Amino acid sequence: MAQISAFAISGKITNETNESMPGVNVLVKGTTIGTVTDAEGSYNLDAPDGNGTLVFSFIGYTTQEISISQRATIDVQLLPDIKSLNEVVVVGYGTQKRSEVTSAVTSVKAADFRQSGARNAMDLLQGKVAGLSITRTGGTNPNSGVVMQLRGVVSLTGATSPLIVVDGMPGANLDLLQQDDIESIDILKDGSAAAIYGTQANGGVILITTKKGTGGAPRIDYNTYFRKEYIQRRPDFLTASEFRQKVNDGTIDADDYGNTIDQFDQLVNHDNVSQYHNIAMSGGSENATYRASVFYQDLQGIALENRREQYGLRLSMQQRGLQDKFTALINLATNFNDANLLGGGGWESQLIRNPTLPIKNPDGTYYFEGTSTNEVARLAQETYHRKQQTTSIDAKASLEFIPGLKGSIFGSVQRNSWIDGSYRLKASESSVESGTPEGKNGGYAYRGTMLERRYAFEPTLEFVRNIDNNHNVTAIAGYSWRYEVFEGFDQSNTGFINDIFEENNIGAGTALGLGRAGMGSYKNDNTLIAFFGRINYAFNEKYMAQFILRREGSSRFGRNYKWAMFPAVSAGWNITRESFMDQFDFIDNLKLRAGYGWTGNSGIGNLLSLVTMGTGGNYINPDGVWRQTYGPNRNPNPNLRWETKKEFNVGIDFGLFNNRLGGAIEFYSRRTEDLLETYTSQQPPFVRDNIYTNVGTIGTDGVEITLNGVVMSKNDFTWRMDVVGSTAKNKMISFSNEVYKADFKDYGGIGGYGALGNAIRTFEGGDLGNFYGKRFAGFDENGKWLFYKRDGSKVPFDQINNSIDPKLSDHVVIGNAIPKFYLGWTNSFTYKNFDLRIFMRGRFGYDILNTMEISYGNKVSKTNLLNSAFDEHNELNDTYQYSDYYLEKGGFLKLDEVTFGYTFKNIAPSYIKNLRLYVNGSNLAIFTKYKGNDPDFVNDIGLGPGVDGRGPYPSTRTFLIGLNVGF
């Protein structure tokens, strides 16, 4: 066989300033033949022949493909990749080029999402956005959601989470989003960016863009994963054997019932396997495109009877016509889910139950004893299911009247409904131990329904003009109408003589005839109307300015303050476009931004400004008939108005060293005024003794840092690193005004034994999240508590001054529950077809109150106890007390995700366009001094953070295998 000779090629690679570029990857397209330029930027390689194509790539520069065309020498000049500057960012009612953005806007693309299988769309962002706190207080419970907070606390009683907008639809339901249907997520952080959304934007705005079809050949994408969970961290309670030993030696005063069962383990679903499947079909022509996806997801919790099974579809169709002057877009999404809500709780009850108690009697029936709940029996003898359907449809039509002038009409409808059903058998513990005769002799049934509908209609007019190729002007004006309706009904009944009907014939219970069944219903609505406008100006992409004004009215507020104005202004300076920057060749991008804006908060209940009537009891009338009475249960407040946040933000965007290092730094200061809270009102003139009104001011100052860089790029190996971090200071500036006074507010209920009240006291002028209580001074010779007084002396707890006056009280600030620093750290590695991502998260500089130690680390409890009661707290021989003795450092660093994948290339058959197989492990390790439950699941936001629960959902370590394939 004749040997085929190779075709030798050499050349030199330079950058935009004709400097040599070492480390450039040179590859013969479609093969594994390649090399890297040397220190002089030169390369040599042998191609199979002279007819192929060379691919030149380097991080921060545009990849070039050049035909060999029988040439033995090919020199190339690579140009900087400025696509990040030209990247389109969603900013609300439109888009902007990244280079022209003047506000604090962060964008996260699908490639940067978390990869451990999202239970909620916001899981994809956890640890990815500086200043955005996302916490799962329900752990990995498939029926729990997330709590979110952007840049600190913004309200005492109103909405605090960011507004969710999906494809322009405000207040969108996250149940309608699946991870593989999301193209990108943009976060409007500061007031100058969010003011365009007015009173729903106090907590910021999260704009989600879903994937759309593109023209060309039809495409099918299939994504799937299977996930298994294992208990990662469980409370250290006495086992049955340890408990028995302490009963026998007299340490614990309790009975030994002779059983040895891990009662906590009886609630664990060891057979859990979650799965997810998503099939998307897309394609179209030049003027019409479509994308349709269907999904199925079965989320199984680590708890028994704890599951969420759901399926649904998303459809997007886009049509252009009239010589591209007309565009229409329709999106439809629906989700059906069946949730088992019975399991997921009961952990505390099972942990503190005498571990020697039996689960069942000798005859096989379940064992009940009246002082604790048999959680295993509850899961077997009760049901609690929710069947839910959520649907949305939105449409947008745009017409270009003349070049540069376009009118659009957007409309959307969302419908969310569910039916809850619950039943407890006649033989269940709830029925057997019921306090009513009909309850003791029959089952219990509950049925509830909920329906919410949200409507939006928003016409806009947009003007775009470029003048002399230097002046870009964009203006948009619009009208917004939103209407929401909420209604529901529920009924409960007991005394079912058999268990055949369950909750499906709720009238069959005997309690209904006795007048002891439960029944309730509600319905309320609200309307919001707004007029808004925005003007953007850019000169040669060097100097930029943005102006926003929104006037908004809401039915939720008093008749004297239905309307308010929300202005904003921001400006930017692309410093690198100045001629004096030419000498700094290591700076590729440097932009200074500053903005100031107002936003409001309409996230309060309906009818709060009006007198409402409530029932007052049944009374006999002169005609001998008993009739219900009504009376006012709320004072009117015609001056009830918006909470208003005023925020100043300064930001710096930068790119250095051929864009190998980039990022942003944000400095912000915000004040929320006219905070809504309930205060004592004078009688008369008021009918009731309290009123909901605007009084206080809260403030937050903070810094955010986002860094992304290429640590190494050599041969086929690339190492990228992304870091996000933030710090903030939250202060309660004022609780009072000239009419209503309050020196402090208490938050963070401790619960459990001892009626210990609240853990957090926020003083006027003080920091949010301060733990306030006694200072531990040791134990006396009898194991009794000693605490410090103001003068430093040590006294028993009953000699502590509990005055509400901080100048007299022996109570002081003993810690703070709000983390001082947040960190997200991603390292991404690629080598040939392999990829590895390591993601770590952390919170630092805060305290957690360990309430499990308070209740069950004290031998005075007559329940099962933590092992710490006999070592760390062994000296304690006294009642329950709250003090800094139970405060622990809550800071942690978590190895949150490790993903390892392999992408197959040159696949046969040819109809497989891409194929990637990957494995993922999450919550793999945590480094912390906190001895309680997983600190990552302890609430760190709001007004009462840092109080750990006594029976949280167990922390789990998960392992996942997934597949992405395209046809």
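Residues numbered from 1 in each chain as written. Predicted model: local features only at pLDDT ≥ 70, side-chain atom pairs only at ≥ 80, totals over all residues. Heavy atoms only, no water.

**With respect to the overall build of the chain**
Heads up, the condition is: Strands are runs of DSSP state E lasting at least two residues, helices are runs of H or I lasting at least four, and both sets are numbered from the N terminus onward. Each radius of gyration is computed over the set of C-alpha atoms, and the globule rule expresses the reference value as 2.2 Å times the number of residues to the power 0.38. The cut-offs for exposure are 20% and 50% of the maximum accessible area for each residue type, with area from a 1.4 Å probe on protein chains only; residues under the lower value are buried, those over the upper are exposed, and the others partly exposed. Any pair of residues with heavy atoms lying within 4.5 Å of one another is described as a contacting pair. The method behind every accessible area is Shrake-Rupley, applied with a 1.4 Å probe, and residues are considered shielded solely by the protein chains displayed. Charge assignment: positive for Lys and Arg, negative for Asp and Glu; neither His nor the chain ends contribute. Charge positions come from single atoms, namely NZ of Lys, CZ of Arg, CG of Asp or CD of Glu.
Secondary structure summary: the chain contains 8 helices and 50 strands in total. Taken over the C-alpha trace, the chain has a radius of gyration of 32 Å; the compact-globule value for 967 residues is 30 Å, and the two agree within 12%. Overall size of the chain, expressed as C-alpha extent along the three principal axes, is 100 × 75 × 70 Å. A total of 967 residues make up the chain; the buried ones form 51% of that total. For the chain, long-range pairs separated by at least 24 residues make up 68% of all intrachain contacts whose partners lie at least 6 apart in sequence. Accessible area for the chain stands at about 42,400 Å²; split by element, carbon and sulfur atoms hold 55% of it. In the chain, which carries 95 positive and 104 negative side-chain charges, the distance between the mean positions of the two groups comes to 3 Å.

**Observations regarding a nonpolar patch on the surface**
Put simply, the test is: Put simply, a patch holds well-exposed residues, over 30% relative accessible area, that have no salt bridge, with like charges counted together within 9 Å and Val, Leu, Ile, Met, Phe, Trp or Tyr side chains within 5 Å. Whenever Lys or Arg places a side-chain nitrogen within 4 Å of a carboxyl oxygen from Asp or Glu, that contact is recorded as a salt bridge.
Judged by side-chain polarity, Ile220, Ile279, Met281, Tyr290, Val294, Leu313, Met317, Ile330, Ile393, Val413, Tyr911 and Phe967 come together as a nonpolar surface patch covering roughly 970 Å² of accessible area. Where the nonpolar patch is concerned, the elements lending two or more residues are strand 18 (274–284), strand 19 (288–300) and strand 20 (307–321). With respect to the helices and strands, the residue Met317 is situated in strand 20. A relative accessible area of 42% places Met317 in the partly exposed class.

**A few points about the domain arrangement of the chain**
Quick reminder of the rule: Note that the domain bounds were set by an automatic or database domain assignment.
Looking at the assigned domains, one finds that the chain contains domain 1 (6–77), domain 2 (88–215) and domain 3 (819–958). Using only C-alpha atoms to locate each centre, domain 1 and domain 3 end up separated by 47 Å.

**Remarks on the packing of aromatic side chains**
What counts here: A pair of Phe, Tyr and Trp rings is counted when the ring centres sit within 6.5 Å of each other, with Trp represented by its six-membered ring. The angle between the planes then sorts it: under 30 degrees is stacked, over 60 is edge-to-face, the rest tilted. Sitting over a ring, as applied to charges here, requires NZ of Lys or CZ of Arg to be within 6 Å of the ring centre and within 35 degrees of the ring normal.
According to the stated counting rule, one finds 39 aromatic pairs in the structure shown. Considering the side-chain rings of Tyr230 and Phe959, the 6.1 Å spacing of their centres and the 65° angle between planes classify their relative orientation as edge-to-face. With Tyr230 in strand 17 (residues 216–233) and Phe959 in strand 50 (residues 955–966), the pair connects residues that are 729 residues apart, well separated along the chain. Tyr230 gets classed as partly exposed once you look at its relative accessible area, which sits at 43%. Centroid distance Phe237 to Tyr856: 5.9 Å. Interplanar angle 55°. Geometry classified as tilted. Of this pair, Phe237 sits in the loop between strand 17 and helix 3 (240–248) while Tyr856 sits in helix 8 (residues 851–856); the two residues are 619 residues apart in sequence, bridging distant segments of the chain. For the pair shown, Phe237 and Tyr856 are each scored as buried. Ring-pair connections join several aromatic residues into one group, and the members of that group are Phe776, Phe779, Trp785, Phe787, Tyr885 and Tyr886. The ring centre of Tyr444 lies 4.3 Å from the NZ or CZ of Arg424, which sits over that ring.

**Considering the side chain of Gln350**
Within the fold, Gln350 resides in helix 4 (residues 347–352). In contact with Gln350, other than residues within four places in its own chain, are Gln263, Phe264, Gln266, Leu267, Ile359, Thr373, Asn374, Glu375 and Val376.

**So, the sheet that holds strand 1 (residues 7–14)**
Cut-off, in case you're wondering: Pairing between strands requires that DSSP locate at least two bridges from one strand to the other.
An order of 4-1-7 is seen for the 3 strands of this open sheet, with the pairing classed as mixed. Two strands lie at the open edges of the sheet, namely strand 4 (42–47) and strand 7 (76–77), each paired on one side alone. In the sheet, strand 1 pairs with strand 7 via 2 bridges, with the strands oriented parallel. Its bridge partner lying in strand 7, Thr14 is registered against Gln77.

**Examining the UniProt feature "domain: TonB-dependent receptor plug" (unreviewed entry) in the chain**
Applicable threshold: UniProt positions are given in the numbering used here, feature names are shortened, and annotations may be inferred rather than shown by experiment.
Look at the UniProt record and you will see "domain: TonB-dependent receptor plug" (unreviewed entry) annotated at residues 98–205. Along residues 98–205 one finds 4% helix and 25% strand; the C-alpha atoms at either end are 17 Å apart.

**Description of the UniProt feature "domain: TonB-dependent receptor-like beta-barrel" (unreviewed entry) in the chain**
As annotated by UniProt and renumbered to match this structure, "domain: TonB-dependent receptor-like beta-barrel" (unreviewed entry) occupies residues 364–924. End-to-end, the C-alpha atoms of residues 364–924 are 40 Å apart, and along that stretch the chain is 4% helix and 59% strand.

**Some thoughts on the pairing of strand 39 (residues 776–779)**
As paired strands, strand 39 and strand 40 (residues 785–788) are joined by 3 bridges and run antiparallel to one another. Within strand 40, the position partnered with Gly778 by the bridge is Leu786. Hairpin geometry of strand 39 and strand 40 is characterised by an intervening segment of 5 residues between the two adjacent antiparallel strands and by a positive phi of about 80° at Gly783.

**What to know about the pattern of salt bridges**
Where charged atoms from two side chains of opposite charge come close, those side chains can pair. With the rule as written, the count across this model stands at 55 salt bridges. Glu666 is the partner of Arg593 in a salt bridge, and the nearest nitrogen-oxygen pair spans 2.5 Å. Here Arg593 is found in strand 29 (residues 587–601), whereas its partner Glu666 is found in strand 33 (residues 661–680), with 73 residues between them in sequence. One salt bridge in this structure joins Asp767 and Lys731, with 2.9 Å as the shortest N-O distance. Taken together, the residues Asp767 in the loop between strand 37 (758–763) and strand 38 (770–773) and Lys731 in strand 35 (residues 717–734) connect sequence positions 36 residues apart. With a relative accessible area of 17%, Asp767 lands in the buried category. Each of the salt bridges in this network shares a partner with another, and the network as a whole consists of Arg114, Arg841, Arg843, Lys894, Asp896, Glu897, Asp934, Asp936 and Asp940.

**Section: empty space enclosed by the protein**
Which entries qualify depends on this criterion: We place a 1 Å grid over just the protein atoms. Points where a 1.4 Å probe fits but has no way out form a cavity, open points with protein on both sides within 12 Å along at least 5 of 7 lines form a pocket, and any residue with an atom within 4 Å of a point lines it. Grid points are joined across faces, edges and corners, and a volume is the space filled by probe spheres set on the points. Three categories are distinguished: nonpolar for Ala, Val, Leu, Ile, Met, Phe, Trp, Tyr, Cys and Pro, charged for Asp, Glu, Lys and Arg, and polar for the others, with Gly belonging to the last.
Under the criterion given, the structure shown has 7 cavities of 30 Å³ or more. The space that makes up the largest cavity amounts to roughly 280 Å³. Along the wall of the largest cavity there are 22 residues; nearest its centre are Arg114, Ser116, Arg119, Gln126 and Thr140. A per-element tally of the lining of the largest cavity places strand 47 (residues 892–904) first, with 3 residues. Looking at the lining of the largest cavity, its residues break down into 3 nonpolar, 9 polar and 10 charged. Split by domain, the lining of the largest cavity shows at least three residues from each of two domains, domain 2 (88–215) and domain 3 (819–958). In this structure, the second largest cavity spans a volume of roughly 180 Å³. Elements that contribute at least two residues to the lining of the second largest cavity include exactly strand 11 (132–135), strand 35, strand 43 (821–831) and strand 44 (834–844).

**Some thoughts on the environment of Val153**
The topology assignment puts Val153 in the loop between strand 12 (147–150) and strand 13 (163–166). Counting along the chain gives 578 residues from Val153 to Lys731, while the straight-line C-alpha distance between them is 9.1 Å.

**Comments concerning the nonpolar core**
Keep this limit in mind: To qualify as a nonpolar core, a set must consist of buried Ala, Val, Leu, Ile, Met, Phe, Trp, Tyr and Cys residues joined through side-chain atoms within 4.5 Å.
If you look at the biggest cluster of nonpolar residues, it comprises 36 residues, and the most contacted ones within it are Phe771, Leu849 and Tyr882. Those elements that place two or more of their residues in this core are strand 33, strand 34 (690–714), strand 37 and strand 40. The dominant element in this core, judged by the number of residues it contributes, is strand 34, at 3 residues. Ignoring sequence-local partners within four residues, the contact set of Tyr882 consists of Ile750, Leu756, Asn758, Ala759, Phe771, Tyr772, Gly773, Lys774, Ile814 and Leu849. Within the second largest apolar cluster, 25 residues are counted, among which are Leu150, Ile164, Val166 and Ala172.

**Examining the sheet that holds strand 5 (residues 53–57)**
Condition: For every element, the axis is a line fit to its C-alpha atoms; helices are fit only across the contacting stretch, and the angle between N-to-C directions ranges from 0 to 180 degrees.
Spatially, 3-2-5-6 is the arrangement adopted by the 4 strands of the open sheet, whose pairing is antiparallel. Unpaired on one side and paired on the other, strand 3 (34–36) and strand 6 (64–67) mark the two borders of the sheet. Strand-to-strand, the axes of this sheet are offset by a mean angle of 20°, without reference to chain direction.

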